[in-house]
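The lines below spell out each chain.
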Amino acid sequence: MNEWARSIQNIVLEIDKCIKNKDDEALTLEHLAAFLGYSAYYVSRKFREISGMPLREYLRGRKLAFALKDLRDTEEGILDIALNYGFSSHEAFTRAFKEVYGLTPSEYRQNPVPVVLRTVIKPFDCYLLEIGGTGMASESNEVKTYFVTIPEHRFLHIRNVESIGYWDFWQKQSLIPGQDCETICGLLESIKGKLDDMGGDQADSSSGQLMAFINEPTGRICSWGIPLAEAYGVRLPADYAGVIPSQMQIMDVPEGEYIVFEHGPFDFETENAAVEARIEQAMKDFDYPASGYVLDTTPGRVFYFYHDCRHFWKYVRPVKKLNG
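Worth saying up front: this structure is predicted, and the values here are computed from it rather than measured. (Residues numbered from 1 in each chain as written. Predicted model: local features only at pLDDT ≥ 70, side-chain atom pairs only at ≥ 80, totals over all residues. Heavy atoms only, no water.)

> Any chance you could explain the overall build of the protein chain here in plain terms?
Counting secondary structure elements, the protein chain contains 11 helices and 9 strands. Within the protein chain, the proportion of its 324 residues that are buried is 50%. When contacts within the protein chain are restricted to residue pairs at least 6 apart in sequence, long-range pairs at least 24 apart make up 74% of them. Accessible area for the protein chain stands at about 15600 Å²; split by element, carbon and sulfur atoms hold 51% of it. (Helix = DSSP H or I, 4+ residues; strand = E, 2+ residues; numbered from the N terminus. Buried < 20%, exposed > 50% of the residue type's maximum accessible area, 1.4 Å probe, protein only. Contact = heavy atoms within 4.5 Å. Areas by Shrake-Rupley, 256 points an atom, 1.4 Å probe, with all protein chains shown as cover.)

As structure tokens, this is what we get:
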């Protein structure tokens, strides 16, 4: 099953690539099946089994999700957006959009409220599948340590004060209506103005300092705040004034200094546990007094954690000057 979860994840990534490249000829069951090297019938059956929806429905919904972002972020005409994503007319696009999101494209453009993008699926999430690797980590990737100043921002999230780890967090959240992984990830994906959507390196106009590149839209974004609570969410600009989904909360995070412990790309099936041990050891061994800093556990400070094995594993921990 894990091997097929990986295969379906590869199809999900291939679909997004084809939609972005406007390559409709590749968005067929036959092409996607050939991409994996299996029969169309078998791929169709396994996709539905793992994702919970037919491939045809997923393709249609994924195109609508891309169209929604174009409505939100561009001034392109609604008909042009409809045609770009394979809809035959303004009317056909409007019907499909309203059926999925409960409002018309023009209504959404005028008021881009958060909606659940049901096509945000993660069939091969190593933490939800509990398959973190136990092998040795590559010696070529050591843990880098550096300090950054992160400007004031807002953190939109859900939190749980009782969970222990990512898998347990989502198990507990799934028992709360509207707070399961699929719904929350789908909502966060639709939020306009996320700092991770803009690349992360955002200059703070008041200080001229850069926000370190610590966000990655497809990665795991969690935090442990003071008081201790595990959370899942996205960073937003300090002046964000958009709608806050009813099942979420938002907090203002002041400008502050942080220490980052960063490991490079790795294979989570074989290296995850070893990388985790390596980065935990680096945090344990770090000589704070020699650096002139100490961890800042003042209420309101946030510990960020970013996990995307294709790019990095990072702990971002709040600090303050030793005699500050």
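The structure having been displayed, the exposition proceeds.
> What exactly am I supposed to notice about the packing of aromatic side chains here?
Here a ring pair, both rings aromatic, is described through the centre-centre distance and the interplanar angle of the planes. Using the criterion set out here, one finds 21 aromatic pairs in the structure. Judged by centre distance (6.3 Å) and plane angle (65°), the rings of F147 and F286 are edge-to-face. Here F147 is found in strand β1 (residues 144-150), whereas its partner F286 is found in the loop between α10 (268-285) and α11 (288-291), with 139 residues between them in sequence. Judged by its relative accessible area of 21%, F286 is partly exposed. Pairing F147 with Y293 gives two aromatic rings, centres 4.4 Å apart and planes at 25°, and the pair type is stacked. Residue F147 is located in strand β1, and its partner Y293 is located in strand β7 (residues 293-295); the two are separated by 146 residues in the primary sequence. In this structure Y293 comes out as buried when scored by relative accessible area, which is 11%. (Phe/Tyr/Trp six-rings, centres within 6.5 Å; stacked < 30°, edge-to-face > 60°.)

> Help me out: how do you make sense of unusual backbone geometry in this one?
Leaving glycine out, the prevailing phi sign among residues is negative, and the prevailing peptide bond configuration is trans. Although it is not a glycine, K22 adopts a positive phi angle of roughly 55°. The residue K22 is located in the loop between α1 (2-20) and α2 (29-36) in this model. For K22, a relative accessible area of 43% translates into the label partly exposed.

> Which parts of the structure should I look at to understand the pairing of strand β4 (residues 230-237)?
In the case of a regular strand, side chains alternate between the two sheet surfaces. For β4, a buried count of 7 out of 8 residues is recorded, marking the element as mostly surrounded by other parts of the structure. Note that strand β2 (residues 153-160) and β4 share 8 bridges and pair antiparallel. Bridge pairing links R159 to A231 in β4. (Pairing = 2+ DSSP bridges.)

> Any chance you could explain the packing of α1 against helix α3 (residues 40-51) here in plain terms?
Helices that pack against each other are described as a pair by the angle of their axes relative to one another and the distance between those axes. Close contact between α1 and α3 brings their axes to 10 Å; oriented N to C, the two are set at 100°. In terms of orientation, α1 and α3 fall into the roughly perpendicular class. Residue-level inspection shows W4, A5, I8 and I11 of α1 in contact with α3, the latter providing Y42, V43, K46, F47 and I50. Taken together, the residues of the contact of α1 with α3 sort by class into 8 nonpolar, no polar and 1 charged. (Axes fitted to C-alpha atoms, helices over the stretch in contact; angles between N-to-C directions. Parallel < 35°, antiparallel > 145°, perpendicular 65-115°, else oblique. Nonpolar A, V, L, I, M, F, W, Y, C, P; charged D, E, K, R; others polar.)

> What exactly am I supposed to notice about the environment of Q110 here?
Here Q110 lies in helix α7 (residues 105-110). C-alpha separation for the pair Q110 and R72, spaced 38 residues apart in sequence, amounts to 8.9 Å.

> What is the right way to read the nonpolar core from this model?
Most often, soluble globular proteins keep nonpolar side chains buried together rather than apart. The biggest cluster of nonpolar side chains holds 56 residues, and the ones touching the most others in it are I11, I15, F93, F97, Y101, W170 and Y232. Among the elements that line this core, the one with the most residues is helix α4 (residues 55-73), at 9 residues. Setting aside residues up to four positions removed in sequence, F93 forms contacts with L64, A67, L71, I78, I81, A82, F87 and P105. Grouped together as the second largest cluster of nonpolar side chains are 15 residues, V143, I259, I279 and C309 included. (Core = buried A, V, L, I, M, F, W, Y, C linked by side-chain atoms within 4.5 Å.)

> Where do I start with the pattern of salt bridges in this structure?
Pairing of side chains with opposite charge becomes possible as their charged atoms draw close. Summed over all chains, the structure comprises 12 salt bridges. Where E49 meets K46, a salt bridge forms, and the shortest distance between an N and an O atom there is 3.3 Å. Of this pair, E49 and K46 both sit in helix α3, 3 residues apart, which is roughly one turn of the helix. Looking at E49, the relative accessible area reads 42%, which means it is partly exposed. Between D252 and R154 there is a salt bridge, with its nearest N and O atoms 2.7 Å apart. (Salt bridge = Lys/Arg side-chain N within 4 Å of Asp/Glu carboxyl O.)

> Could you clarify how one ought to interpret the side chain of D296 in this entry?
Tracing the sequence through the fold places D296 in the loop between β7 and β8 (302-308). With near-sequence residues (within four places) excluded, D296 lies in contact with R301, P318, V319 and K320.

> In this structure, what is going on with α3? I would like to understand it.
It helps to recall that an α-helix has 3.6 residues per turn; residues three or four apart then point in one direction. With 12 residues, α3 extends 16 Å from end C-alpha to end C-alpha; this agrees with the ideal 16 Å at 1.5 Å per step. Inspection of α3 places V43, K46, F47 and S51 among the buried residues, and these make up the whole buried set. Projected down its long axis, α3 carries its buried residues within an arc of 110°, all on one side. Within α3, the exposed residues directed more than 90 degrees away from the buried face are Y41 and R48. Directly beyond the C-terminal end of α3, a positive phi value near 90° is found at G52. (Expected span 1.5 Å × (residues − 1). Arc of directions from axis to C-beta.)

> What is the right way to look at the environment of I11 in this model?
For I11, the location among the structural elements is in helix α1. Setting aside anything within four residues of it in sequence, one finds I11 in contact with L32, L36, V43 and F47.

Keep in mind these numbers describe shape, not what the thing actually does.
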